Structure formats: C-alpha cells, structure tokens
Amino acid sequence: QVQFAESGGGLVQPGGSLRLSCVASGISFSRSTMAWYRQAPGKQREWVASISISTSFTQYRDSVKGRFTISRGSAGNTVYLQMNSLRPEDTAVYYCNRIPISDSWGQGTQVTVSS
C-alpha cells in the first residue's frame, strides 16, 4: 500500500524558511523519482521539485529555483524540501508523491507565508 506522510509546514513571515519532510512507504524508494507538489486555494495542484533517488538529479519549477532545495534523507524513505526566502505566493498545501504520480496522496502540510 503506497503511502506518503508530509510534515513540517507552518506559518512563516516573508523571507523566512521552512523544512518539509516526507516519509514514503509501499514503493521501491531507491528506484523512484520523488517529487513535491503544492496546491494553493482555488488553484490546480502543481509540481514544485523532484529528485531521482538513484542519481540525486534534481529539477525545480522556475519560481522556486535558487530558493528551494529537494533532498533525500541519509536513512529511511525520506525526502525533504528546504524552503528559503519564502514569499506569500508560496502559500499552499504541500504534498509529496512520486513520478509517475501515485493515486495515494497524503494529507499534505500547510505552508502559510504572511506578515
């Protein structure tokens, strides 16, 4: 059974930082490409960043390049998203999943950037 459990969200002021964590289960993690997605109120869910677990190759959407860093944990099926220089437009529920996307979405973690 595929499951993703996200954590680490919260309320932060513009310019602040957060680190999101995701624990994946039920997948062949070492052979997966893992990704973070986000969904802002009234908008479609969008891809944010991805990482190949086997090669560590990373990709980012243009709006987060230079501010966000996706990485894998040194142990366990864990993926992180370090978010720096946060902007109000980064406010969203953040989810992790894989590529190709699994239907088994987690509950996500809310990130709110506001003064």
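Our structure is the block above this text.
About the thresholds
Residues numbered from 1 in each chain as written. Predicted model: local features only at pLDDT ≥ 70, side-chain atom pairs only at ≥ 80, totals over all residues. Heavy atoms only, no water. Helix = DSSP H or I, 4+ residues; strand = E, 2+ residues; numbered from the N terminus. Rg over C-alpha atoms; globule rule 2.2 N^0.38 Å. Contact = heavy atoms within 4.5 Å. Areas by Shrake-Rupley, 256 points an atom, 1.4 Å probe, with all protein chains shown as cover. Buried < 20%, exposed > 50% of the residue type's maximum accessible area, 1.4 Å probe, protein only. Polar contact = N/O pair within 3.5 Å; in protein donor to acceptor, adjacent residues only side chain to side chain. Disulfide = S-S within 2.5 Å.

J.: Account for the overall build of the protein, naming residues and giving values.
T.: Of the regular secondary structure elements, the protein holds 0 helices and 10 strands. For the protein, the α and β elements follow one another from N to C terminus as β-β-β-β-β-β-β-β-β-β. Against the globule reference of 13 Å for 115 residues, the protein gives a C-alpha radius of gyration of 13 Å, in line with a compact fold. Taking the principal axes of the C-alpha coordinates as reference, the protein spans close to 40 × 25 × 20 Å. Relative to all contacts within the protein whose residues are 6 or more apart in sequence, the contacts with residues 24 or more apart total 52%. Surface summary for the protein: the accessible area is close to 6,100 Å², and the carbon and sulfur share equals 45%.

J.: Give a detailed account of the side chain of asparagine 97, specifying residues and quantitative values.
T.: With respect to the helices and strands, the residue asparagine 97 is situated in strand E9 (residues 92-99). Take asparagine 97: its relative accessible area is 0%, and that puts it in the buried class. Here serine 102 takes part through its backbone nitrogen, which lies 2.8 Å from a polar atom of the side chain of asparagine 97.

J.: If you had to explain the state of the cysteines to someone new, which residues and values would you point to?
T.: Enumeration according to the criterion identifies 1 disulfide in this entry. Here cysteine 22 pairs with cysteine 96 through a disulfide, and the sulfurs are 1.8 Å apart. Disulfide cysteine 22-cysteine 96: torsion about the S-S bond near 50°, hence right-handed. Remark: cysteine 96 occurs in strand E9 and cysteine 22 occurs in strand E3 (residues 18-25); sequence separation between them is 74 residues. Residue cysteine 22 shares its accessibility class with cysteine 96, and that shared class is buried.

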